[in-house]
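# Architecture at a glance
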Amino acid sequence: MFGLETIVAWAKRRWFVYPGSDIYGWLANAWDYGPYGVQLKKNIQDIWRKTFIEKRDDMVWLDAQILMHPKTWEASWHVAWFNDPLIDDKNTWERFRADKLLEDLIHQKNYTLADLEQYWVSNLVPESRTFEQMKACIVAEIPHNPNTKKPADWTDVRKFELMFYTYQGVIHDEANKIWMRPETAQWIFVNFRNILDTTRMRVPFGIGQIGKAFRNEITPWNFLYRTREFEQMEIEYFVKETDAPAFFKQRQEESMKFWQEVMQFDQAHIRFREHEADELSHYSKGTFDVEFSYPWWWGELQWIARRGNFDLTQHQEASGTSMQYSDPVTGERYLPHVIEPSFGLSRTVLAVFFDSYDEEEYIDWNGQQQTRVVVRFPKRLAPVRCAILPLIKKDEKQVALAESLYSSLSDHVICEYDDGGAIGKRYRRQDEIGTPYCITIDHQSTEDGTVTVRDRDSMKQIRIHCDDLLAFIL
Ligand code: GAP
């Protein structure tokens, strides 16, 4: 796997991702998707939606507002709990996430959680530790600033709000403060009643959503991995409490199949991990992580949580609207439990970059050793499915055939027309953006209607008739 610097440089050079607000010197950790990046992202969304929503009759999908009623975030405990504990080194005024320092400590010293019990840090879940306990542990166990390696003079641990806010209306005061959603999930809970009343969905069923989320991360880092504005693909699946363990298992198996078979990740780059009881969030009755082997460490790509009925209970109490489900067959009334598969779309884009980017040596037609960048995107993810390359751009017949092929194939897949430069250079350009097929129109094509199709990975070429092209590249 290639390193982050290689990926960032390639992503910019080949129109995938640009630094946000680049001409103003970059808005730190903001990234914009360029023409190929946006198509890759869309292809991932399409595959996800097809797999988890369109091919299932127990799923619906929705698109919600980023701004929601402020009471949403009070009821969901985000206002009270969605914050990071921060600590500064007074010698350098560098700022660190206290929980992250503790996690690193545990990794580096190979501690078990029991080794830290003396500080009352009984587990890694931030909400279960007090700031005083964290500070006591940091002062005793991490006497040196991790960056400078010099003695640190630690401040108290303080709370740092993770939610962004803005104001609705012309007066910018507390009464008009409104949060920008830090996850897409809450909208689904808030609208659970609407869906029950207006659709024919019956438990067990799920609601999916793809959209932006905002978190004022204190340590955004590693390109698209942890940013302040990012995208999620989330599902809330509503089940009867007694069925929750079975559906939790089923959702894990479906997710594993998705990453391995549909997204076709290298098996060595992906792992599945069930959380220990003491890692769980306050509402969770079980959590399962899907992790990708990023060059720096394993990182969360998706999680599947058993959220119980915490969210529906909270919104029912706060709004006074019943979230009870009434079973039309048994007449039973209950608050459904929730299984939540939550996928990070931006992190998936980054994982696909790492999984697909390659540099390869080969011998060219002249017997010379060359190196090429070849991005081995799975066919369905590639931003461009095929490139249409007329060999001689001044040959009117070749151009006419190439244009007609471009027009007909573009009805089905994304194509790129490229008549600039030597054919070898054009192949290299397509390899670098991961185009699976290069279709070359030459002199023979205008006589017998056949073209050459070059395979990105093997670089082998075969000749096929234009009439058979679509079936071949689909
Ligand atoms: N509704 C549950 C929820 O939001 P989460 O683990 O906080 O759970 C789900 O987020 C997924 O969103 C993560 O697995 C990760 O892929 C992605 N994600 C979370 N924070 C992110 C950030 N700051 N930047 C990019 N992706 C992020």
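Remember, predicted model here, so these are calculated numbers, not experimental data.

### Structural notes on helix H13 (residues 423–433)
- Taken together, the buried positions of H13 are occupied by Arg426, Tyr427, Gln430, Asp431, Glu432 and Ile433.
- Where H13 ends, the next residue or the one after it, glycine 434, has phi of about 80°, a positive value.

### A closer look at helix H6 (residues 131–141)
- Inspection of H6 places Gln133, Met134, Cys137, Ile138 and Glu141 among the buried residues, and these make up the whole buried set. Seen from one end, H6 has its buried residues packed into an arc of 130°, which puts them on one side.
- As for H6, its buried residues are in contact with strand S4 (83–89) and helix H5 (98–108).

### Overview of the pattern of salt bridges
- Counted by the stated rule, this structure contains 36 salt bridges.
- The closest approach of N and O atoms between glutamate 54 and arginine 49, which form a salt bridge, is 3.1 Å.
- A relative accessible area of 17% means that arginine 49 is categorised as buried.
- Salt-bridge contacts for arginine 376 lead to aspartate 457; the nearest nitrogen and oxygen are separated by 3.4 Å. Highlighted residues: arginine 376 in the loop between strand S18 (369–375) and strand S19 (386–390) and aspartate 457 in the loop between strand S22 (450–455) and strand S23 (461–465), separated in sequence by 81 residues.
- With relative accessibility at 27%, the residue arginine 376 sits in the partly exposed group.
- One salt-bridge network, held together by shared partners, links Asp358, Glu360, Arg372, Arg376, Arg428, Asp431, Arg454, Arg456 and Asp457.

The rules behind these values
- Residues numbered from 1 in each chain as written.
- Predicted model: local features only at pLDDT ≥ 70, side-chain atom pairs only at ≥ 80, totals over all residues.
- Heavy atoms only, no water.
- Buried < 20%, exposed > 50% of the residue type's maximum accessible area, 1.4 Å probe, protein only.
- Helix = DSSP H or I, 4+ residues; strand = E, 2+ residues; numbered from the N terminus.
- Arc of directions from axis to C-beta.
- Contact = heavy atoms within 4.5 Å.
- Salt bridge = Lys/Arg side-chain N within 4 Å of Asp/Glu carboxyl O.

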